[in-house]
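Here is how the chains run, residue by residue.
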Number of protein chains: 2
Amino acid sequence: MSAKVETEAERARRLFAEYLRGKGHHVTKKRLFMAEEIFRLKPRHFDAEAILELLRREGRWREEFDRFPLSRATVYRTLDLMVRAGLLSKSTMDEGPARYEVKLGRQHHHHMICEGCGEIVEFVDWGHEHLVRQAAACRGWQFVDSELIIHGLCPRCKGQRRG
Amino acid sequence: MSAKVETEAERARRLFAEYLRGKGHHVTKKRLFMAEEIFRLKPRHFDAEAILELLRREGRWREEFDRFPLSRATVYRTLDLMVRAGLLSKSTMDEGPARYEVKLGRQHHHHMICEGCGEIVEFVDWGHEHLVRQAAACRGWQFVDSELIIHGLCPRCKGQRRG
DNA sequence: GTTAATGCAAATCCTTTGCAGTAAT
DNA sequence: ATTACTGCAAAGGATTTGCATTAAC
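Within every chain, residues take consecutive numbers counted from 1 along the sequence as written. Written order determines the labels here, with chains lettered from A and ligands numbered from 1. Reporting in this predicted model follows two pLDDT cut-offs: at least 70 for local features of residues, and 80 or more for side-chain atom pairs to be given and counted; totals over whole chains, interfaces and linings ignore these cut-offs and use all residues. For side-chain calculations, the full set of non-hydrogen atoms in the structure is used, while hydrogens and water are omitted.

**Examining the domain arrangement of chain A**
Residue and element names in this part refer to chain A. Residue ranges labeled as domains rest on an automatic or database domain assignment. Domain boundaries assigned for chain A yield domain 1 (1–105) and domain 2 (107–163). Computed over C-alpha atoms only, the centres of domain 1 and domain 2 are separated by 26 Å. Listed as interface residues are seven residues of domain 1 and, on the opposing side, nine residues of domain 2. Across the domain 1 to domain 2 interface the summed buried area is about 630 Å²; carbon plus sulfur atoms make up 56%. Taken as a group, His45, Met93 and Glu101 account for 60% of the area that domain 1 buries against domain 2, more than any other trio of residues on that side. For the purposes of these results, a polar contact is taken to be a pair of N or O atoms within 3.5 Å, where, inside protein, one atom must be able to donate a hydrogen and its partner to accept one; residues adjacent in sequence count only when each atom of the pair is a side-chain atom. Seen at the junction of domain 1 and domain 2, the total is four residue pairs in polar contact (both at pLDDT 80 or more). We call two residues contacting when some pair of their heavy atoms lies within 4.5 Å. Accessible area, probed at 1.4 Å, shrinks when two parts are joined; the buried area is that loss added up over both.

So, in structure tokens, the structure goes:
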């Protein structure tokens, strides 16, 4: 008997189901489908519209999808639930639509955004993490989460602006 | 002859006028009025709507204002110019309308937001500032700006959630 | 059977834009 | 005189919502 190892997508699906049950919500096919497929495809920094398109294009369960398409409203509602379940994180970097990203199983990281080309780079910085927790604690706050965004010029754009 | 010291509001007005001239923009009464009044009243974390209301209620130059009211469109356009001039900073913390705050003459600071009551607290942390610059530099980026948001529970809400 | 989720389209919120009129250069 | 700003109302993008239908409990 080979004990099959749970894939990340399966884990996301399972945890989401547990979350939903725990909250007294219905565990529907479309919700599980979204959790599983997002964690299988693992897109980075996507908005609601992009997810909808991605699932339409690359999602399994295609035939049934054609007959019972996901509506925009359900995508928004389910993304919101996944954020509350801790599977995704949501942020409104600047303008434009809200961005989501896979959170479960990833270490906490931050973002650098290039003012020139808009490129987004992720980075991990534990020294920073420590400082932030300290900053909250010494002011009597309970730390929950932090987001750091560095605006700058990426190596390429840095060169161009000088030349 | 007493050399009168320039107030902050006057300075903001002057710098804005210089910025506008430098860019070949018109130096209009309404633009100068906005810069001067915002820096006189110094509200914290305001959105476009709030500024409009504040200027209507507390702004000097009231009578003329009644005859030539500021339009929403002009408020948006002028706030944008003030950001580019470096007088204000703009951020889209989470949901809702974009928030502005007075930047000129204030040291760079960050924000803690309470998940419980929504309170926003500002704090300065130079250690953090240094780390951030380093993080950008050692990846080949040119640092421009950074924003840090800590989500947490303020002392009051921290107590309530336990009790 | 009861309760909640879904799709649709309409509504909402915040912001930008086209254009005719007005003010700054 | 020329150019740019302003107000208005309409358009725009992103998200939410009311309600009838359908699925989960």
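Next comes the rest of the account.
**Re the protein's contact with DNA strand D**
Taken together, 20 residues lie near DNA strand D, and A:Tyr76, B:Lys30, B:Pro69, B:Ser71 and B:Thr74 sit nearest. Contact distances for DNA strand D include 2.7 Å between a phosphate oxygen and a backbone N or O atom of A:Ala98. Here B:Lys30 contributes a side-chain N or O atom positioned 2.5 Å from a phosphate oxygen of DNA strand D. Strands are runs of DSSP state E lasting at least 2 residues, helices are runs of H or I lasting at least 4, and numbering of each runs from the N terminus. Looking at the surface near DNA strand D, the elements with two or more residues in it are helix H5 (72–84) of chain A together with helix H2 (29–41) and helix H5 (72–84) of chain B. Class assignment of the residues belonging to the surface near DNA strand D gives a composition of eight nonpolar, seven polar and five charged. Think of it this way: one heavy atom of a residue within 4 Å of a molecule or strand is enough to make that residue near it. When residues are grouped by polarity, Ala, Val, Leu, Ile, Met, Phe, Trp, Tyr, Cys and Pro land in nonpolar, Asp, Glu, Lys and Arg in charged, and all others, Gly among them, in polar.

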